[in-house]
Amino acid sequence: MIEIDGKIISLDIIRSHFMCDVGKCRGMCCVEGNSGAPLEEEETAVLEREFAAYRDYMTPEGLEAIGKEGHYVTDSDGDLTTTLVDGLECAYSTREGGVTMCAIEKAWKEGRTAFRKPISCHLYPIRVDRFSDGSYGLNYHRWNVCSPAVTLGRATGTPVYKALREPIVRRFGAEFYTALEEADRLLREETAE
């Protein structure tokens, strides 16, 4: 573990490889799991406010789940998460060519909303934990549905943090990302000695 700006970061984020390969995984991260995508408190209001922008991209099942359960739910751990369809697929998903993807992000790409998608989805496979003292822990979450991403990341030599530059900057800022790059450089130098 290393610490940057009060954030405790697992070295796996720097040393492990990852590059999303949606052509192989088919978007299973939007389908499988035991809970919806974790949400920041402020994202719950955005999900409701921006709903009209992405509802046309959602599946009928997703719309039905939102109608019954609401735009977000509290899971069994007490965390705010996206609503699920039958306890599996994210209600905010859509399908194209056999691939499940985010309906919110599809609307964002088409300029219909300024909200790209929940930050937990954008940062995945990095999971962020908030500690009682207000600091954060960043961990690399390994999941078998992402094995194609690990394979591609190894083949391209792409560390987790480099694959996730954009969401890291979105959540923590450019200076934090630069500090991650510097930590990577220093760790490589240490290993080379």
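Values in this document were obtained by computation on a predicted structure and should not be read as measured data.

What counts and what doesn't
Residues numbered from 1 in each chain as written. Predicted model: local features only at pLDDT ≥ 70, side-chain atom pairs only at ≥ 80, totals over all residues. Heavy atoms only, no water. Pairing = 2+ DSSP bridges. Helix = DSSP H or I, 4+ residues; strand = E, 2+ residues; numbered from the N terminus. Axes fitted to C-alpha atoms, helices over the stretch in contact; angles between N-to-C directions. Phe/Tyr/Trp six-rings, centres within 6.5 Å; stacked < 30°, edge-to-face > 60°. Buried < 20%, exposed > 50% of the residue type's maximum accessible area, 1.4 Å probe, protein only. Lys NZ or Arg CZ within 6 Å of the ring centre and 35° of its normal. Arc of directions from axis to C-beta. Contact = heavy atoms within 4.5 Å. Core = buried A, V, L, I, M, F, W, Y, C linked by side-chain atoms within 4.5 Å. Salt bridge = Lys/Arg side-chain N within 4 Å of Asp/Glu carboxyl O.

Asks: Explain the sheet that holds strand β9 (residues 126-130) residue by residue, including any values.
Replies: The strand order across the open sheet built from four strands is β1-β2-β10-β9, with neighbouring strands paired in mixed fashion. With partners counted over all chains shown, the strands left at the sheet margins are β1 (2-4) and β9, one partner each. Taking each pair of neighbouring strands and ignoring which way they run, the sheet shows an average axis angle of 25°. Relative to strand β10 (residues 136-140), strand β2 (residues 7-9) runs parallel, the two sharing three bridges.

Asks: Mind laying out the pairing of strand β8 (residues 99-102), listing which residues take part and the relevant values?
Replies: As paired strands, strand β7 (residues 93-96) and β8 are joined by four bridges and run antiparallel to one another. Counterpart to T94 in the pairing with β8 is M101. In this antiparallel pair of consecutive strands, β7 and β8, the connection spans two residues, and G97 shows a positive phi of 55°.

Asks: So, the packing of aromatic side chains: which residues are in play, and what are the values?
Replies: The description of an aromatic ring pair rests on the distance of the ring centres and on the angle between the ring planes. In this structure the tally under the stated criterion is seven aromatic pairs. Geometrically, the ring pair formed by F18 and Y140 is edge-to-face, given 6.4 Å between the ring centres and 80° between the ring planes. Of the two residues, F18 is situated in the loop between α1 (12-15) and α2 (22-25) and Y140 in strand β10; the sequence distance between them amounts to 122 residues. Pair check on accessibility: F18 and Y140 agree, each one buried. With a centroid separation of 5.9 Å and 75° between ring planes, the pair formed by Y54 and Y92 is classed as edge-to-face. Here Y54 is found in helix α4 (residues 51-54), whereas its partner Y92 is found in the loop between β6 (89-90) and β7, with 38 residues between them in sequence. Residue classification places Y54 among the buried residues on the basis of a relative accessible area of 0%. Three or more aromatic residues joined by ring pairs make a cluster, and in this case those are F51, Y54 and Y92. Taking the ring centre of Y177 as reference, the NZ or CZ of R165 above it sits at 5.1 Å.

Asks: Break down helix α3 (residues 41-49) for me, with residues and values.
Replies: Every buried residue of α3 is listed here: E43, T44, V46 and L47. Buried residues of α3 fall within an arc of 165° about the axis and therefore sit on the same side. Opposite its buried face, α3 presents the exposed residues E41, E42 and R49, each directed more than 90 degrees away. Among the structural elements, α4, β3 (72-74), β4 (80-82), α6 (103-109), α7 (119-123) and α10 (165-172) are those in contact with the buried residues of α3.

Asks: Before we move on, can you summarise the nonpolar core with the specific residues and values?
Replies: Judged by nonpolar contacts, the single largest core of 28 residues is most densely connected at I9, I13, I126, L138, I168, F176 and L180. Counting residues per element, the ones that place at least two in this core are β1, α1, α7, β10, α8 (147-156), α9 (160-163), α10 and α11 (174-192). Considering every element that reaches this core, the biggest residue donor is α11, with five residues. Not counting residues up to four positions away in its chain, the partners in contact with I126 are I13, L138, N139, V160, L164 and I168. Grouped together as the second largest cluster of nonpolar side chains are 19 residues, L39, A53, C90 and I104 included.

Asks: Would you mind going over the pattern of salt bridges in detail, with residue names and values included?
Replies: Using the criterion set out here, one finds 14 salt bridges in the structure. Close ionic contact of E64 with K68 constitutes a salt bridge, the shortest N to O distance being 3.0 Å. Of the two residues, E64 and K68 are both situated in helix α5 (residues 60-69); the distance of four residues between them amounts to about one turn of the helix. For K68, a relative accessible area of 65% translates into the label exposed. Put simply, R185 and E189 hold a salt bridge, and the shortest N to O gap is 2.3 Å. Of this pair, R185 and E189 both sit in helix α11, four residues apart, which is roughly one turn of that helix. Given a relative accessible area of 37%, E189 falls into the partly exposed group. What emerges from the salt-bridge pattern is a single network uniting E105, R116, K117 and E166.

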